[in-house]
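Secondary and tertiary structure notes
Each chain, written out:
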Amino acid sequence: MAVIGLERKVKVAEVALRCLVCGLGALAAALVATGSQTRTFFSLERKARYTDMKALVLLVAAQGAAAGYSLLQAARCVATMARRRGGGSGSGVMGSRSRAAAWCVFSFDQAVAYVLMAATAAALQSSLLGKRGQLELQWMGICDLYGAFCRRVGEGLACAVASGLAAVLLAALSAFNLFRLYDGGKSSSSSYSTGNGNGATW
């Protein structure tokens, strides 16, 4: 029973983290993508938008893709939990198929974590350059001119950082879910056989 309780807590934590990545990723992408500001210089209008900085374009794409992936995985987890709680039919065997599925989830979660952290780091570096400029190259900062746009992007970057950290925690949890299947095999098979009798995989 203790093993079953632990598995349920791990699954709830996984669903919560996936929902967190989904929500924060979607919010980060929306904040950055919708941020814009128009200024007039000598009768010429100049509009600042996220597409002017390629790192922000990458950030929006990465966060949006991660949000969609996390939503699908969260739905899969909820469906698995509901099937196990309802005593639905399953294979009842923890074999190569469950391990292959765990490897797929682990690999995708690792890739999402790496992509989110890389995209966020690139966006932070580019945004810092845009804010402070580069005196050695005579590049001036733009946030004094486009303050509202920079604040909007800053809010999106804060959400992106939180989303990336949640993705890292999720990747660690996926590693735990995967490698415990190789813990002698007996503990894994016994825990699933003492469940609702369906042996549903993660």
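Scope of this entry: the structure provided in the associated data block.

What counts, and at which threshold
- Residues numbered from 1 in each chain as written.
- Predicted model: local features only at pLDDT ≥ 70, side-chain atom pairs only at ≥ 80, totals over all residues.
- Heavy atoms only, no water.
- Patch = residues over 30% accessible without salt bridge, like charges linked within 9 Å, V, L, I, M, F, W, Y side chains within 5 Å.
- Areas by Shrake-Rupley, 256 points an atom, 1.4 Å probe, with all protein chains shown as cover.
- Salt bridge = Lys/Arg side-chain N within 4 Å of Asp/Glu carboxyl O.
- Helix = DSSP H or I, 4+ residues; strand = E, 2+ residues; numbered from the N terminus.
- Buried < 20%, exposed > 50% of the residue type's maximum accessible area, 1.4 Å probe, protein only.
- Contact = heavy atoms within 4.5 Å.
- 1 Å grid on protein atoms, 1.4 Å probe; cavity = no way out; pocket = protein on both sides within 12 Å on 5 of 7 lines; lining within 4 Å.
- Points joined across faces, edges and corners; volume = space filled by probe spheres on them.
- Nonpolar A, V, L, I, M, F, W, Y, C, P; charged D, E, K, R; others polar.
- Disulfide = S-S within 2.5 Å.

The grouping of Met-117, Leu-124, Val-161, Leu-165 and Val-168 at the surface amounts to a nonpolar patch, some 370 Å² of accessible area in total. Counting only elements with at least two residues in the nonpolar patch, the list comes to α3 (96–132) and α4 (147–179). Considering every element that reaches the nonpolar patch, the biggest residue donor is α4, with three residues. Position of Val-168 relative to the elements: it lies in helix α4.

Our next topic: the side chain of Thr-120. The topology assignment puts Thr-120 in helix α3. We classify Thr-120 as buried; its relative accessible area is 4%. For Thr-120, the residues in contact, after removing those within four places along its chain, are Leu-59, Gln-63, Ala-160 and Val-161.

What follows covers the pattern of salt bridges. Throughout the structure, instances matching the rule amount to four salt bridges. Glu-14 is paired through a salt bridge with Lys-11; the nearest N and O atoms lie 3.5 Å apart. Linking Glu-14 with Lys-11, this pair stays in helix α1 (residues 2–34), spanning three residues, or about one helical turn. Given a relative accessible area of 2%, Glu-14 falls into the buried group. In this structure Lys-11 comes out as buried when scored by relative accessible area, which is 5%. Two residues, Arg-76 and Glu-14, come together in a salt bridge whose shortest N-O distance is 3.6 Å. Taken together, the residues span a long stretch of sequence, with Arg-76 in helix α2 (residues 54–85) and Glu-14 in helix α1 at a distance of 62 residues. Residue classification places Arg-76 among the partly exposed residues on the basis of a relative accessible area of 24%. Each of the salt bridges in this network shares a partner with another, and the network as a whole consists of Lys-11, Glu-14, Arg-18, Arg-76 and Asp-109.

This next bit is on the layout of surface pockets. Here the largest pocket is characterised by a volume of approximately 290 Å³. Lining the largest pocket are Phe-41, Arg-46, Lys-47, Ala-48, Arg-49, Asp-52, Met-53, Leu-56, Ile-142, Leu-145, Tyr-146 and Phe-149. In terms of residue class, the lining of the largest pocket is built from eight nonpolar, no polar and four charged.

Right, let's get into the state of the cysteines. Counted by the stated rule, this structure contains zero disulfides. No disulfide involves Cys-22; its sulfur sits 6.9 Å from the nearest other cysteine sulfur, which is in Cys-19. The exposure class assigned to Cys-22 is buried, which follows from its relative accessible area of 16%.

So far we have only geometry, and geometry alone does not tell us how the molecule works.
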